[in-house]
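Residues per chain, in single letters:
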Amino acid sequence: MDVNDDMKQVLDELEKMRDEYAGLKEELDRQKIINGKLMESTFRKNVGVLDSNKKTGIAVCVVMALFLAALATFMEAFTLPVAAGVALCLIIMAGYIVLYRRMDFKDGMADVKTTALKVSRFRKKYIKFQLTSYAWVLGFIIISAPFIFKGFLATAKSLAAIAFIIVIFIACACAQYFTDRKVLKACDEIIDRLEEGEE
């Protein structure tokens, strides 16, 4: 009789432990689903930032190429520097396209490690690409300035064009700096979320 009571008590405890385990497993599964949805939402939002940056970068290159062509018409001269500027805009635009094409997210977050690695590589390449672009643009401005404004410095038309270019350049540099910070922050958030989800 005593053995049967002990056995019944052990079986009851085992049943209770099994129910607790099932409840904990269900709670854990629910938490994983919630975390997965949160991670997916953050991932999509930050990928949206990157996608927006790609479109903006390409649009800016096109606008700058058109601006240089309009400036050439306005100043009625300097076809070589304008051709070099348009070529530079097209090279930077091609760089944006290639850079973002290598980091496609067609698979979403199917493979967390691969996605985190892609974003990490993209981040490094993005920094190199932007620094190189800054150097090319600055070099272009320094090299082409004497050709562009040679003989035009005495006219009011030329001084207005110089002032306009300086203002545009400073505005673009500031906008690009804040855009780059936003892109790098989005990359960091994606990597952090993916690493959290993997643990």
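Because the structure is predicted, anything quoted here is derived from the model rather than measured.

J.: Could you clarify how one ought to interpret the overall build of the chain in this entry?
T.: Secondary structure summary: the chain contains four helices and zero strands in total. Ordered by position from the N terminus, the helices and strands of the chain form the series α-α-α-α. Here the chain, with 199 residues, has 28% of them falling under the buried criterion. When the accessible surface of the chain is summed, it comes to about 13600 Å², and 67% of that surface belongs to carbon and sulfur atoms.

J.: For this particular structure, what's the right way to read the state of the cysteines?
T.: Note: disulfide means a covalent bond formed between the sulfur atoms of two cysteine side chains. Throughout the structure, instances matching the rule amount to zero disulfides. For the unlinked cysteine Cys61, the closest cysteine sulfur is that of Cys89, found at 5.8 Å. Judged by relative accessible area, Cys61 falls into the buried class, the value being 7%.

J.: Please clarify how the pattern of salt bridges should be interpreted in this entry.
T.: Counted under the stated rule, the structure contains four salt bridges. With a closest N to O distance of 3.6 Å, Lys54 and Asp51 form a salt bridge. With Lys54 and Asp51 both in helix 1 (residues 2-75) and three residues apart, the pair spans about one turn of that helix. Note on Lys54: relative accessible area 26%, which makes it partly exposed. The residue Asp188 makes a salt bridge to Arg123 at a minimum N-O spacing of 2.7 Å. Linking Asp188 in helix 4 (residues 156-198) with Arg123 in helix 3 (residues 112-149), this pair joins segments that are 65 residues apart in sequence. You can call Asp188 partly exposed: its relative accessible area is 31%. Salt bridges sharing partners connect three or more residues here, namely Asp51, Lys54 and Lys55.

J.: Where do I start with the nonpolar core in this structure?
T.: The tendency in soluble globular proteins is for nonpolar side chains to be buried as a group. Counting 25 residues, the largest nonpolar core has Leu50, Tyr100, Phe122, Tyr126, Val183 and Ile190 as the members making the most contacts within it. Contributing elements (two or more residues each) for this core: helix 1, helix 2 (79-101), helix 3 and helix 4. Looking at this core, the element that brings in the most residues is helix 4, giving seven residues. Setting aside chain neighbours within four positions, we find Phe122 in contact with Leu50, Leu99, Tyr100, Met103, Val183 and Cys187.

J.: Quick question: what am I supposed to make of a positive patch on the surface here?
T.: A cluster of basic side chains, namely Arg102, Arg121, Lys124, Lys125 and Lys128, defines a positive patch on the protein surface. One can find Lys124 in helix 3.

J.: What exactly am I supposed to notice about the confidence of the model for the chain here?
T.: Low-pLDDT portions of the prediction should not be read for the details of their coordinates. Put simply, the chain has an average pLDDT of 77, and 77% of its residues get 70 or more. Per-element confidence in the chain ranges from a low mean pLDDT of 76 for helix 1 to a high of 84 for helix 2.

J.: Mind showing me how you'd approach a nonpolar patch on the surface here?
T.: Taken together, the side chains of Leu138, Ile142, Ile143, Ile166, Phe169 and Ile170 make up a nonpolar region of the molecular surface, amounting to roughly 580 Å² of accessible area. If you list the elements that add at least two residues to the nonpolar patch, you get helix 3 and helix 4. For Leu138, a relative accessible area of 42% translates into the label partly exposed.

J.: Is there a simple way to think about the side chain of Gln176 in this case?
T.: With respect to the element layout, Gln176 can be found in helix 4. Within polar-contact distance, the side chain of Gln176 engages the side chain of Asp180 at 2.7 Å.

J.: Can you help me understand the packing of aromatic side chains in this one?
T.: In this description, a pair of aromatic rings is defined by centroid distance and the angle of the planes. On inspection of all chains with the given rule, the structure shows five aromatic pairs. Between Tyr100 and Phe122, the aromatic rings sit 5.0 Å apart at their centres with planes inclined by 55 degrees, giving tilted as the arrangement. Separated by 22 residues along the polypeptide, Tyr100 in helix 2 and Phe122 in helix 3 bring together distant segments of the chain. For the pair Tyr100 and Phe122, a shared accessibility class is recorded, and that class is buried. Look at Phe122 and Tyr126: their rings are 5.7 Å apart centre to centre, the planes differ by 35 degrees, and that puts the pair in the tilted class. One end of the pair, Phe122, and the other, Tyr126, are both in helix 3, four residues apart, so they sit about a helical turn from each other. According to the relative accessible area criterion, Phe122 is buried, its value standing at 3%.

Cut-offs applied
Residues numbered from 1 in each chain as written. Predicted model: local features only at pLDDT ≥ 70, side-chain atom pairs only at ≥ 80, totals over all residues. Heavy atoms only, no water. Helix = DSSP H or I, 4+ residues; strand = E, 2+ residues; numbered from the N terminus. Buried < 20%, exposed > 50% of the residue type's maximum accessible area, 1.4 Å probe, protein only. Areas by Shrake-Rupley, 256 points an atom, 1.4 Å probe, with all protein chains shown as cover. Disulfide = S-S within 2.5 Å. Salt bridge = Lys/Arg side-chain N within 4 Å of Asp/Glu carboxyl O. Core = buried A, V, L, I, M, F, W, Y, C linked by side-chain atoms within 4.5 Å. Contact = heavy atoms within 4.5 Å. Patch = residues over 30% accessible without salt bridge, like charges linked within 9 Å, V, L, I, M, F, W, Y side chains within 5 Å. Lys, Arg positive; Asp, Glu negative; His and termini not counted. Charge placed at Lys NZ, Arg CZ, Asp CG, Glu CD. pLDDT = per-residue confidence, 0-100. Polar contact = N/O pair within 3.5 Å; in protein donor to acceptor, adjacent residues only side chain to side chain. Phe/Tyr/Trp six-rings, centres within 6.5 Å; stacked < 30°, edge-to-face > 60°.

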